[in-house]
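Remarks on the overall topology
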Amino acid sequence: MRIRHFILSLLVPALLCSCGKETVPGRQDGEMPIGFAPTVTVGTKAVKPDNPTVLIAEGNKAAIFGDRVLNLGLPSETSERILNNRELICDAVPDPATPGLLYSSVWSYSPLEYWEDTGDYFFAGVFPHGIGEMTRDNAFLNVTYLAGNNADLMVARAYRNVGEGKAPVNLSFKHATSAVRFLFGKASDAPADNYSLTSFKLESLVAGGTLKVQMRLTDPSSNPITLSNWKPGTTSDLASWTAVTEDQRKPVPHPADADDPDGYLEMGWYYMVPQTLTALSQVRFSVAYNDETPVETVLSISDRDGLVGLDDWQPNCVYNYYITLTQSGLDLTVKAIPWDEVQVITDEITF
């Protein structure tokens, strides 16, 4: 009998790094520079795009922002901007001090900023650096994004009262977009039933938007990024592909396990602006059966029989659309999960 085990919320320990101390004019030997330790959540299964090297890789750059606030919450409160769109660069992976930790890393920025002995510090990071226009609006950070860039936009926020210490600031990056893909499989395992995908296009979806997040939070985890943080732009068609010749057609396999995305033909991942889907939100594709003339299908991707996750594409969430082809038509199954969780399906687990 086949045994299945499900593991949720598989996380890795924090990946530590530091910025080296430098001596600058006017600074005492005992003063500490402000350092940062970027981290990401890592999973193990193809139900979501978990690739820590997207962030943790030598040469990668993030944008960092920082404010120092005195007398927080009092009428005499004052603030100063100490970092504004500064480049935070990954210098080494793994950290030479911990070569056995695969995703440990060393990050730096220049010129260094130093901790003062008083104040509350608020930080934000945006990856990748230069993903779009980044502006400050008082205590808010605004980032423009285009889905056509197909980049994994990540945002981190952190707080530190200097009285709690001057260790490197942990920047825990969260995905700010929605990850979407379409998986094609055939219901029949008969060799005589051959299907080939010949075209694919997403229609009437938001192509760009602006993300607005609050920076000055003493507990950033209590204020996760939601759909309300996004101001969507205009809609358009995205991800258009057509096989020009027969050898460019994509064979559609029969998945041995209908729940395992590895057995499907994958179209994606697409990093999308989080949005509310409309009746016009759809996928258009054509399929050739046994090399016959391709037949086009237009499939709505909103309001699919009340299934979870189909009215909205939420930030930091993953949407897998399983399209199973049959001789009489097709079946559509949609599965949505948080990006920071992973579901593992396996026959055996050894601890």
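Everything here concerns the structure above.
Residues numbered from 1 in each chain as written. Predicted model: local features only at pLDDT ≥ 70, side-chain atom pairs only at ≥ 80, totals over all residues. Heavy atoms only, no water.

**Notes on the pattern of salt bridges**
In plain terms, the rule: Any carboxyl oxygen of Asp or Glu within 4 Å of a side-chain nitrogen of Lys or Arg constitutes a salt bridge here.
Throughout the structure, instances matching the rule amount to 13 salt bridges. Where salt bridges share partners, they join K201, E203, D237, R284 and E296 into one cluster.

**A few points about the packing of aromatic side chains**
Stated formally: Working definition: rings of Phe, Tyr and Trp (its six-membered ring) pair if their centres are within 6.5 Å, and the pair is stacked with planes under 30 degrees apart, edge-to-face with planes over 60 apart, and tilted otherwise. Put simply, DSSP H or I for four residues or longer makes a helix, DSSP E for two residues or longer makes a strand, and each gets a number counted from the N terminus. Note on exposure labels: buried denotes an accessible area under 20% of the residue type's maximum, exposed denotes more than 50%, and partly exposed covers the range between, all computed with a 1.4 Å probe on protein chains only. The criterion for a charge sitting over a ring is simple: Lys NZ or Arg CZ within 6 Å of the ring centre, and within 35 degrees of the ring normal.
Within the structure shown, the criterion is met by 16 aromatic pairs. On the numbers, 4.7 Å between centres and 20 degrees between planes, the contact of F182 with Y321 is stacked. Here the residue F182 occupies a position in strand β11 (residues 178-186), and Y321 occupies one in strand β22 (residues 317-326), the gap between them amounting to 139 residues. Taken as a pair, F182 and Y321 share a single burial class, namely buried. Taken together, the aromatic side chains of F182, F184, F200, Y270, F285 and Y321 make up a single cluster linked through ring pairs. The side chain of K250 reaches across the aromatic face of W241, ending 5.0 Å from its centre. The residue whose ring lies beneath K335 is Y322, and the NZ or CZ to ring-centre distance is 5.1 Å.

**Thoughts on unusual backbone geometry**
The phi torsion of most residues other than glycine is negative, and most of the peptide bonds are trans. Of note, the amide linkage connecting F127 to P128 takes the cis form, showing an omega dihedral of -5 degrees. Mapping P128 onto the fold places it in the loop between β5 (120-127) and β6 (134-137). Cis geometry is adopted by the peptide bond preceding W269, which originates at G268 and carries an omega value of 0 degrees. In this fold, W269 is placed in strand β17 (residues 265-272).

**Focus on the sheet that holds β22**
The condition is simple: In this analysis, strands are considered paired if DSSP registers two or more bridges between them. Here the axes come from fitting lines to C-alpha atoms, over the contacting stretch only for helices, and the angles between their N-to-C directions go from 0 to 180 degrees.
With mixed pairing, the four strands of this open sheet are ordered in space as β17-β11-β22-β23. Two strands in the sheet have a free side with no partner beyond their single neighbour: β17 and β23 (329-338). Put simply, the sheet's adjacent strands are angled 15 degrees from each other on average, direction ignored. Taken together, the six bridges between β11 and β17 define a ladder with antiparallel strand orientation. Within β17, the residue paired with F182 across the bridge is M267.

**Details of a negative patch on the surface**
For the record, the criterion: A patch consists of residues exposed above 30% relative accessible area that lack any salt bridge, with like charges linked at up to 9 Å and nonpolar side chains (Val, Leu, Ile, Met, Phe, Trp, Tyr) linked at up to 5 Å. Surface accessibility in these figures is a Shrake-Rupley result with a 1.4 Å probe; residues are shielded only by whichever protein chains are displayed. The charge count treats Lys and Arg as positive and Asp and Glu as negative. His and the chain ends do not count. Just so you know, the charge point we use is NZ for Lys, CZ for Arg, CG for Asp and CD for Glu.
A cluster of acidic residues, E246, D247, D291 and E292, forms a negative patch at the surface. Following the sequence through the fold, E292 ends up in the loop between β19 (282-289) and β20 (295-300).

**A short note on the sheet that holds strand β3 (residues 78-92)**
Ordered in space as β4-β3-β2-β5-β8-β10, the six strands form an open sheet in which the pairing is antiparallel. Of all strands in the sheet, those bounded by a partner on one side alone are β4 (106-108) and β10 (174-175). Bridge analysis of strand β2 (residues 61-70) against β3 gives nine bridges, and the strand direction is antiparallel. Note that in β3 the partner of R68 across the bridge is E80.

**Side note on the layout of surface pockets**
Selection criterion: Throughout, the protein atoms alone are placed on a 1 Å grid, and a set of points is a cavity if a 1.4 Å probe fits but cannot get out or a pocket if it is open with protein on both sides within 12 Å along at least five of seven lines; lining residues have an atom within 4 Å of a point. Grid points are joined across faces, edges and corners, and a volume is the space filled by probe spheres set on the points. Residue polarity follows a fixed list, in which Ala, Val, Leu, Ile, Met, Phe, Trp, Tyr, Cys and Pro are nonpolar, Asp, Glu, Lys and Arg are charged, and the others, Gly among them, are polar.
The computed volume of the largest pocket comes to approximately 400 Å³. Together, 15 residues line the largest pocket, and R157, S172, K174, P220 and S221 are the ones closest to its centre. Secondary-structure elements contributing two or more residues to the lining of the largest pocket are β8 (154-161), β9 (169-172) and β10. At four residues, the largest contribution of residues to the lining of the largest pocket is made by β8. In the lining of the largest pocket, the residues fall into seven nonpolar, five polar and three charged. As a volume, the second largest pocket reaches approximately 210 Å³. Y195, F285, V287, Y289, V295, T297, L325, T326, Q327, S328, G329 and L330 are the residues that line the second largest pocket. Breaking the lining of the second largest pocket down by element, the ones donating at least two residues are β19, β20, β22 and β23. Counting residues per element, the lining of the second largest pocket draws most heavily on β19, at three residues. For the lining of the second largest pocket, the residue count by class is seven nonpolar, five polar and no charged.

Take it as geometry only, folks, not as evidence of what the structure does.
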